[in-house]
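Below, each chain spelled out in residue letters.
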Amino acid sequence: MPKINGLVSIMKKFLGIVVLGLLLSGNAYAKDLTGLKLYCEQWGGFFERKSFVALDFISETEVIEYEVKDYKLEVDNSKYEVFEDKVEIKKKLGTFTSRIRDLDRSNLSYGNGGDLCEEFKKLKVNVDIKTKMEILLKKVIKKQKKENKI
């Protein structure tokens, strides 16, 4: 009887370790980012321009990217894939080519070396990103009109 009790005790410990391990590792490599909304506002790049970028993850594989660029709001529907250290966002440009931008999962930088965004902020689920970006675009245009000399 002591051998059976010892075996049961070992099995309980082993099962506890397995269950605990599964619980702790579940979120570490989440593949579905549906509902996540990210926003970034920064001074960026070589030309020192104000940059606004937002990402709206609408399904397990689709993301909408919003970017205020050249006094326009660009909206791109893209696909994404989650890896352990990054999220690859892919946009089809033509028949064969796609633009890939990486979202670093540890520091939330975006683009090649963080050239678009050094760090995203999470937005509440009920925020309408498109409206937010349209308002920012109007502010950028208004500010530029004030600065114009002619």
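One can find the structure itself at the top, above this paragraph.
Summarised in this report is the structure supplied together with it. Fair warning: this is a prediction, and the values are worked out from it, not measured in the lab.

So, the packing of aromatic side chains
Evaluated as defined, the whole model comprises two aromatic pairs. Aromatic side chains Phe57 and Tyr80 sit 4.9 Å apart centroid to centroid with 85° between the ring planes, which places their arrangement in the edge-to-face category. One end of the pair, Phe57, is in strand S2 (residues 49–57); the other, Tyr80, is in strand S4 (residues 72–82), and 23 residues separate them in sequence. Looking at Tyr80, the relative accessible area reads 6%, which means it is buried. Sitting over the face of the ring of Phe83, Lys86 holds its NZ or CZ atom 5.8 Å from the ring centroid. Just above the ring of Tyr39 sits the side chain of Lys132; from NZ or CZ to the centre is 4.6 Å.

Focus: the nonpolar core
Core analysis: the biggest nonpolar cluster contains 16 residues, and Leu55, Phe57, Tyr80, Val87, Leu103, Tyr110 and Phe120 have the highest contact counts within it. Counting residues per element, the ones that place at least two in this core are strand S1 (37–44), S2, S4 and strand S5 (86–92). It is S2 that contributes the most residues to this core, three residues altogether.

Regarding the environment of Glu88
If you trace the backbone, Glu88 turns up in strand S5. Taking the relative accessible area as the measure of exposure, Glu88 reaches 14% and is therefore buried. C-alpha of Glu88 to C-alpha of Gly111: the two residues are 23 residues apart in sequence and 9.8 Å apart in space. Beyond its immediate stretch of four places on either side in the chain, Glu88 contacts Lys79, Tyr80, Glu81, Phe83, Ile100, Arg101 and Asp102. A distance of 3.4 Å separates polar atoms of two side chains, one belonging to Glu88 and the other to Lys86.

What to know about unusual backbone geometry
In this structure, Tyr71 is a non-glycine residue whose phi angle is positive, near 60°. Examined against the element boundaries, Tyr71 turns out to sit in the loop between strand S3 (62–69) and S4. Backbone geometry at Leu108 places phi at a positive 60°, although glycine is not the residue there. Tracing the sequence through the fold places Leu108 in the loop between strand S6 (98–104) and strand S7 (121–122).

Digging into the pattern of salt bridges
Scanning the entire structure with this criterion turns up nine salt bridges. Linking Lys91 and Asp76 is a salt bridge whose minimum nitrogen-to-oxygen distance equals 3.5 Å. Of this pair, Lys91 sits in strand S5 while Asp76 sits in strand S4, and the two are 15 residues apart along the sequence. The pair Lys91 / Asp76 is uniform in exposure class, with both members buried. Of the charged contacts in the structure, one is a salt bridge between Lys121 and Glu119, with a shortest N-O distance of 3.9 Å. Linked by salt bridges that have partners in common, Glu81, Lys86, Glu88, Lys90 and Asp102 make up one network.

What counts, and at which threshold
- Starting from 1, residues in each chain are numbered consecutively following that chain's sequence as written.
- The predicted origin of the model limits local features to residues at a pLDDT of at least 70 and limits the giving and counting of side-chain atom pairs to 80 or more, whereas totals for whole chains, interfaces and linings rest on all residues.
- Side-chain metrics rest on all non-hydrogen atoms present in the structure, leaving aside hydrogens and water.
- A pair of Phe, Tyr and Trp rings is counted when the ring centres sit within 6.5 Å of each other, with Trp represented by its six-membered ring. The angle between the planes then sorts it: under 30 degrees is stacked, over 60 is edge-to-face, the rest tilted.
- Every helix listed is a DSSP run of H or I at least four residues long, and every strand listed is a run of E at least two residues long, numbered separately from the N terminus.
- Burial here depends on accessible area, computed with a 1.4 Å probe over protein chains only, as a share of the maximum for the residue type. Under 20% is buried, over 50% is exposed, and the range in between is partly exposed.
- Working rule: Lys NZ or Arg CZ, within 6 Å of ring centre, within 35 degrees of ring normal, means a charge sits over the ring.
- In these notes, a set of buried Ala, Val, Leu, Ile, Met, Phe, Trp, Tyr and Cys residues joined through side-chain atoms within 4.5 Å is what counts as a nonpolar core.
- Should any heavy atoms of two residues lie within 4.5 Å, those residues are counted as being in contact.
- Contacts described as polar in this section are N or O atom pairs within 3.5 Å, which, within protein, must combine one atom able to donate a hydrogen with one able to accept it, while residues neighboring in sequence count only if both atoms come from side chains.
- By definition here, a salt bridge exists when the distance from a side-chain nitrogen of Lys or Arg to a carboxyl oxygen of Asp or Glu is within 4 Å.

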